[in-house]
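# Per-entry structural report
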Amino acid sequence: MTSLFKYRTDFDKIVLATNFEKRGWSPTSEDDWNFFWANKRSIKVLFGPESGIRLNDCQIINHFPNHYELTRKDTLIKNLKRYQKELARDGKLEEVGNVMDYVPMTFSLPGDYSVFIEEFRRTPNTTWIVKPGAKSQGSGIFLINKPSQAKKWMASKGPALVSTGSSYVVSRYIDNPLLVGGCKFDLRLYVLVTSYRPLRAYMHTEGFGRFCTVVYSNDVGELDNMFVHLTNVAVQKHGEEYNERNGGKWSVADLRLYIESTRGKAASDRLFADIQFVIVHSLKAVQGVILNDRHCFELYGYDLLIDDTLHPWLIEVNGSPSLSSTTVAD
């Protein structure tokens, strides 16, 4: 018997199809879907002013129209800074807390280039990480530790960035990460938002730590070694030390147990309370600018780095977190 509930997806992901079919949903490639797991290109077309499409009461889709306000690296920083200024203006910053205390100092290029170079010269012994504003999976990322490197890069890339309207972000590199077995890791946590007004969000109790395969070093000679610095599975799986059985991952439960056993339960609880604070206030930062369509929801993949003082740092928010399964745990 064919189900009356139909799903459509732009992705050939077994985790999606398996879950949909377990619920008895039927696939469709037409516009008669009830649930659409779409890519960003489909969202742009669907909500574009020229589409003329109106979703009916029985249709749900997996992105808000301007989801990029939180998920692009440059717009995320812009909205967090604006939110901080609004709290300060309204006299609430001390009461609420400053979310920017959990975000590495970041500049948007090319717009903030002059301010960035001034800060770079003011703190000459720092390392900075440069990332494309709208790419993912570690693509196009590199580290610099000299103003001359930034100037050379800007001279070659700057004109193209201006002409295409593209952007990069450059952030102060967290060079004192918490290490496990000598290796750097970050946290991937999943947050589901079903509404922005009112804000309704759910954080999954699980997630995982993604580990580098090479022992961490902040030595200048290792700046170009992405197996030391980038935890993305898309990068690490090409390394000689990559473990295909565990995928270079630990569950959040195991990581929390490790932190409790090495730093104490109070410190672990404080760390995860800080993480929750960062997530909640990053969502509040875009609450007023996201187009809150009742047909939409969003699954975010939050990436956070923990330093050796157990201070969490928000690295980025992914609007299309990978749903590929590389291990049994996945």
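Attention in this report is confined to the structure presented alongside it. (Residues numbered from 1 in each chain as written. Predicted model: local features only at pLDDT ≥ 70, side-chain atom pairs only at ≥ 80, totals over all residues. Heavy atoms only, no water.)

## Re the packing of helix H6 (residues 113-122) against helix H7 (residues 147-164)
Remark: H6 packs on H7, axes separated minimally by 10 Å, with the N-to-C direction vectors making an angle of 160°. When the interaxial angle is binned, H6 and H7 end up roughly antiparallel. As H6 runs across H7, the sense of the crossing is left-handed. Contact with H6, carried on its side by Tyr113, Phe116, Ile117, Phe120 and Arg121, involves Pro147, Ala150, Lys151 and Met154 of H7 and no other residues of that element. (Axes fitted to C-alpha atoms, helices over the stretch in contact; angles between N-to-C directions. Helix = DSSP H or I, 4+ residues; strand = E, 2+ residues; numbered from the N terminus. Parallel < 35°, antiparallel > 145°, perpendicular 65-115°, else oblique. Left-handed = near helix turned anticlockwise from the far one by under 90°. Contact = heavy atoms within 4.5 Å.)

## Digging into the side chain of Asn66
Note that Asn66 resides in the loop between strand S4 (60-61) and helix H3 (68-71). Residue Asn66 is classed as buried on the basis of its relative accessible area of 7%. A polar atom in the side chain of Asn66 sits 2.8 Å from the backbone oxygen of Val289. (Buried < 20%, exposed > 50% of the residue type's maximum accessible area, 1.4 Å probe, protein only. Polar contact = N/O pair within 3.5 Å; in protein donor to acceptor, adjacent residues only side chain to side chain.)

## What to know about the pairing of strand S14 (residues 312-318)
The element S14 is extensively covered by neighbouring structure, given that 6 of its 7 residues are classed as buried. Pairing of strand S13 (residues 298-306) with S14, which is carried by 6 bridges, proceeds in the antiparallel orientation. Directly across from Leu305, in S14, lies its bridge partner Trp313. A loop of 5 residues connects S13 with S14, the two strands running antiparallel in sequence, and Leu310 in this loop sits at a positive phi of about 65°. (Pairing = 2+ DSSP bridges.)

## Some thoughts on the sheet that holds strand S8 (residues 168-172)
One open sheet holds the 4 strands; their spatial order is S5-S8-S6-S7, and the pairing between them is antiparallel. Both edges of this open sheet fall to strand S5 (106-109) and strand S7 (142-144), since each of them pairs with a single strand only. With direction set aside, neighbouring strand axes in the sheet form an average angle of 25°. In the packing of helix H4 (residues 73-89) onto the sheet, the strands contacted are S5, strand S6 (128-132) and S8, and the crossing angle to S5 comes to about 130°. The strands touched by H6 within the sheet are S5, S6, S7 and S8, with S5 carrying the most contacts at an inclination of about 140°.

## Considering H6
Every buried residue of H6 is listed here: Tyr113, Phe116, Ile117, Glu119 and Phe120. Angular distribution of buried residues about the axis of H6 spans 160°; they occupy a single face of the element. Residues of H6 that are exposed and point more than 90 degrees away from the buried face comprise Ser114, Glu118, Arg121 and Arg122. (Arc of directions from axis to C-beta.)

## Here we look at the environment of Pro321
If you trace the backbone, Pro321 turns up in the segment after S14. Residue classification places Pro321 among the buried residues on the basis of a relative accessible area of 9%. Pro321 sits 96 residues away from Asn225 along the chain, and the two C-alpha atoms are 24 Å apart. Apart from the residues lying within four places of it in its own chain, the contact partners of Pro321 are Arg188, Tyr190, Leu299, Tyr300 and Gly301.

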